[in-house]
Amino acid sequence: MASYGKQYGSTYGVRELVRQIEAAPMFDDGGKLTLRQLTTQFRDIFRRSEYSKLQVLGATTSGEKYLSMNIRSEVKSAVGPWNYQTWIVLRRRDLNNPFTMDSPAEIRCTCPAFHYFVAYADWTRKNLAGRPSSWNKVAAPIRNPRTIPSPCKHLVALTFHAIRKGII
Ligand SMILES: [Zn+2]
């Protein structure tokens, strides 16, 4: 450890390196995209996917007074008599800032499209809400060859629902 600075030809020693590490911001987005950025990329992955007629079955929020807010809802499947669970987490660094489309976001949906097309890409950019399953860590070279993070159509429907309801 004592030779660290010398090893990399640096003029500062270990103490200076520790100081720099401690001075780094605690909250590191690590490249986390905002909800707006994620939504913008939806059409790159799902070219013909229709979300405007999807039924959002109520949305609940929690944590809106804190540094992260959860928006959850069931969204009715377009192809069958079942619902998918959608979940958006919005983050902020300061309690005075509102949650908006420009908040760093994490997203998750229980539908197959989310699972097969974007879960891995979302996970790689720290945009996956909740704990990743082992399947979430498997790339999708055919369905999403450029690993573009994006929501599925159910999450887009929830996003526009949240805007209409004044949640964000
Ligand atoms: Zn979905």
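Please read all numbers here as calculations on a predicted model, not as lab measurements.

Draft legend 1. Structural detail: the overall build of the protein chain. Along the protein chain, the regular secondary structure elements total six helices and four strands. For the protein chain, the N- to C-terminal ordering of α and β elements is α-α-α-α-β-β-β-β-α-α. Relative to its 168 residues, the protein chain shows a buried fraction of 30%. Counted over contacts in the protein chain with a minimum sequence separation of 6, partners at least 24 positions apart contribute 57%.

Draft legend 2. Main features of the sheet that holds strand β2 (residues 68–76). Spatially, the four strands line up as an open sheet ordered β1-β2-β3-β4, and their pairing is antiparallel. With one partner strand each, in any of the chains shown, β1 (56–62) and β4 (105–109) form the two edges of the open sheet. On average, each strand axis in the sheet is tilted by 15 degrees relative to the strand beside it, whichever way the strands run. The pairing of β2 with strand β3 (residues 83–91) spans nine bridges and is antiparallel. By the bridge assignment for β3, Asn70 is matched with Val89. In this fold helix α6 (residues 153–164) packs onto β1, β2, β3 and β4, with an angle of close to 60 degrees to the strand it touches most, β3.

About the thresholds
- Residues numbered from 1 in each chain as written.
- Predicted model: local features only at pLDDT ≥ 70, side-chain atom pairs only at ≥ 80, totals over all residues.
- Helix = DSSP H or I, 4+ residues; strand = E, 2+ residues; numbered from the N terminus.
- Buried ≥ 20, exposed ≤ 12 C-beta atoms within 10 Å, placed from the backbone.
- Contact = placed C-beta atoms within 7 Å.
- Pairing = 2+ DSSP bridges.
- Axes fitted to C-alpha atoms, helices over the stretch in contact; angles between N-to-C directions.

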